[in-house]
Amino acid sequence: MSVTTTGIMLERLSDKLSHIARSLSGRAAISEKNVTDAVEEIKLALLEADVNVRVVRRFVNRTLEDATGEAVLKSVAPGQQFVKIVHDRLVSFLGDERQDLVLKGPDTQSVILLLGLQGSGKTTTAAKLAKRLQAEGRRPLLVAADLVRPAAIDQLVTLGGQIGVDVFRDPAAKDPVSVVKQALSHARKNQFNVVLIDSAGRMQADSALMDEIVRVRKVADPDETLLVADSMTGQSAVDVAKAFDEAVDLSGVILTKFDSDTRGGAALSLKSITGKPIKFIGVGEKLTDLDPFYPERIASRILGMGDVVSLVEKAQETITQDEAEALQAKMAKAAFTLEDYLDQFTRVRKMGSLESIMEMIPGMKGRISEEDIDEAGMKYEEAIILSMTVQERRNHRIIGPPRRKRIAHGSGTSVHEVNKLLKKFEKMRLMMKKMTKNKKYQAQVMSQLGG
Ligand SMILES: Nc1nc2c(ncn2[C@@H]2O[C@H](COP(=O)(O)OP(=O)(O)OP(=O)(O)O)[C@@H](O)[C@H]2O)c(=O)[nH]1
Ligand SMILES: [Mg+2]
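Residues numbered from 1 in each chain as written. Chains lettered and ligands numbered in written order. Predicted model: local features only at pLDDT ≥ 70, side-chain atom pairs only at ≥ 80, totals over all residues.

K.L.:
What is the right way to read the site of ligand 1 from this model?
P.N.:
In the vicinity of ligand 1 there are 21 residues, among which G121, T123, T124, G201 and G282 approach most closely. Across the shell around ligand 1, the residue classes break down as two nonpolar, 12 polar and seven charged. (Near = placed C-beta within 6 Å. Nonpolar A, V, L, I, M, F, W, Y, C, P; charged D, E, K, R; others polar.)

K.L.:
When you look at the nonpolar core in this model, what are you seeing that I'm missing?
P.N.:
Across soluble globular proteins, nonpolar side chains show a tendency to be buried alongside one another. Counting residues in hydrophobic clusters, the biggest one holds 90 residues, and the most contacted among them are L142, V143, V195, L196 and I197. Residues lining this core come from more than one domain, with at least three contributed by each of domain 1 (3–97 + 304–314) and domain 2 (110–293). Setting aside chain neighbours within four positions, we find L196 in contact with I112, L114, A126, L129, A130, P140, L142 and V143. By size, the runner-up hydrophobic cluster in this structure holds seven residues, among which are L338, I385, M388 and L421. (Core = buried A, V, L, I, M, F, W, Y, C linked by C-beta atoms within 7 Å. Buried ≥ 20, exposed ≤ 12 C-beta atoms within 10 Å, placed from the backbone. Domains from an automatic or database assignment. Contact = placed C-beta atoms within 7 Å.)

K.L.:
Looking at this structure, I do not really get the environment of K104. What am I missing?
P.N.:
Tracing the sequence through the fold places K104 in the loop between α5 (78–94) and β1 (110–115). Separated by 119 residues in the primary sequence, K104 and D223 place their C-alpha atoms 7.7 Å from one another. (Helix = DSSP H or I, 4+ residues; strand = E, 2+ residues; numbered from the N terminus.)

K.L.:
Can you walk me through the confidence of the model for the chain in this structure?
P.N.:
Low-confidence regions, as indicated by low pLDDT, have predicted coordinates that should not be scrutinised in detail. Looking at the chain, pLDDT values average 81 and 77% of them are 70 or higher. Counting contacts from residues 1–9, a segment whose pLDDT is below 50, to residues more than four positions away or on other chains yields 21 contacts. This stretch, residues 305–311, has a pLDDT under 50; its non-local contacts, to residues over four places away or in other chains, come to nine contacts. (pLDDT = per-residue confidence, 0-100.)

K.L.:
How should the sheet that holds strand β8 (residues 290–292) be read in this particular structure?
P.N.:
As a general point, the strands of a sheet are linked pairwise by backbone hydrogen bonds and lie either parallel or antiparallel. Sheet architecture is open: eight strands sit in the order β3-β2-β4-β1-β5-β6-β7-β8, paired in mixed fashion. A single partner strand is all that each edge strand has here, and the edge strands are β3 (167–168) and β8. Inspection of the sheet shows β1 paired to strand β4 (residues 194–199) by five bridges, in the parallel sense. If you follow L113 over to β4, its bridge partner there is I197. Against the sheet, helix α9 (residues 207–220) contacts β1, β2 (140–145), β4 and β5 (224–230), and its axis sits at roughly 170° relative to β1. (Pairing = 2+ DSSP bridges. Axes fitted to C-alpha atoms, helices over the stretch in contact; angles between N-to-C directions.)

K.L.:
Got a minute to help me understand helix α3 (residues 53–67) in this structure?
P.N.:
Think of an α-helix as turning once every 3.6 residues; residues three or four places apart then point the same way. In this model, α3 (15 residues) spans 21 Å end to end at C-alpha, consistent with the 21 Å of a helix rising 1.5 Å per residue. Those residues of α3 not exposed but buried are V55, V56, F59, T63 and A67. For α3, the angular spread of buried residues about the axis comes to 100°, placing them on one side. Facing away from the buried side of α3 by over 90 degrees, the exposed positions are V53, R54, R57, N61 and E65. In this fold, the buried residues of α3 make contact with α2 (32–48), α4 (70–73), α5 and α11 (265–274). (Expected span 1.5 Å × (residues − 1). Arc of directions from axis to C-beta.)

K.L.:
Teacher, can you tell me more about the packing of α3 against α5 here?
P.N.:
Helix packing for two helices is described by the angle between their axes and how far apart those axes are. Running from N to C, α3 and α5 cross one another at 145°; their axes reach a closest spacing of 10 Å. Here α3 runs over α5; the crossing is right-handed. Across the interface between the two elements, V55, F59, R62, T63, D66 and A67 of α3 pack against F82, I85, V86, R89 and F93 of α5. Here the contact of α3 with α5 is composed, by residue class, of seven nonpolar, one polar and three charged. (Left-handed = near helix turned anticlockwise from the far one by under 90°.)

If you want it as structure tokens, here you go:
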């Protein structure tokens, strides 16, 4: 999907949230006050983005609940854990899983009814959906059931022509109910398996027009009753959704004009207030500009993509405090073995670099130099360690010249590489031991562990 256009929409909210996230995630220790302050800032950012007040309150309460627990504050990377909590909350407010259209099998007739306020994008979206369904191998029929606006039928016929989809119309009809009835039987006779009904727009959800839509819905008996809502209208899109849902029981929402510079509030409030999923977003005027709505992606987008998302992923792999403490104790006693070292390779692979895993260990940040972590050499190192016996991994000093030769052979490396690894490992251990004896370092570690 067009990530850049979505970015425009949520830019301001995203800037704020990612700033907060970054300032917290850099810290090795955070207090309950840090969390409440950050949540307060997020609350303001959400309100400013026009998110429904009730939704904001819910969001704030749940985030505080999750983030002020021991598990977060006492974890090794509390800032990262916090970012992950905010991210997961956002995903859940946006609707968790992607929700696709729920249609009948291709041998049966499915019906999609599109409704919404005037100018929200119903007609355009009907054509976009028809194009999409056609690409999926369906045989769609567009139905011009907007008899209110004079040019509405022509508009749909033009759009249908552009994508090669038939449009059912009856210029003489006075009641959309009769158009829909005829269209359904026309579709049955001519093997169209998806009927898309474009209904008349209304200025507001007034009772006369609501009555009409209720009657249309009754004859159409749709599989999908989709509200087409303009995301630029923010809060009022949510109110409109509520009104339509009460009248006709929506199955989902399509948020249009997601490419415009809106504040993002509608997307964040809709699911939470109406309980109806956002199924698609309109991201432009072209008929290809319709994207499935992925809560996960939008949440990442709101949090500022790139670095924050990787932080979230890292947080899932972060070593626990117990593990860090055990490692710490081993380092102090110079009991850190090649076995422990090997153990880190799997983590490193998930996290990207040895440097980043070292940074997870309290006090290690900035103390390991580039040359100590030749990452290209990691593959060799792993192969070498794997060729050792368990005893050798636990005590590398027992590895004499004949064994070095065997290990080199077994790992497909050279004696030179084996020697290099053993020398480097010895150096690392000495450094760790020296470091852990340093009083200043100890104080730093204790504060980072919250002790
Ligand atoms: N930028 C952008 N424009 C859109 C999007 N969807 C629709 N539009 C534009 O919004 C305007 C109104 O779209 P229509 O499809 O005619 O809206 P409608 O709900 O059918 O309008 P009425 O039938 O008058 O109630 C058109 O200019 C569309 O091109 C979108 O996702 N992004
Ligand atoms: Mg229209």
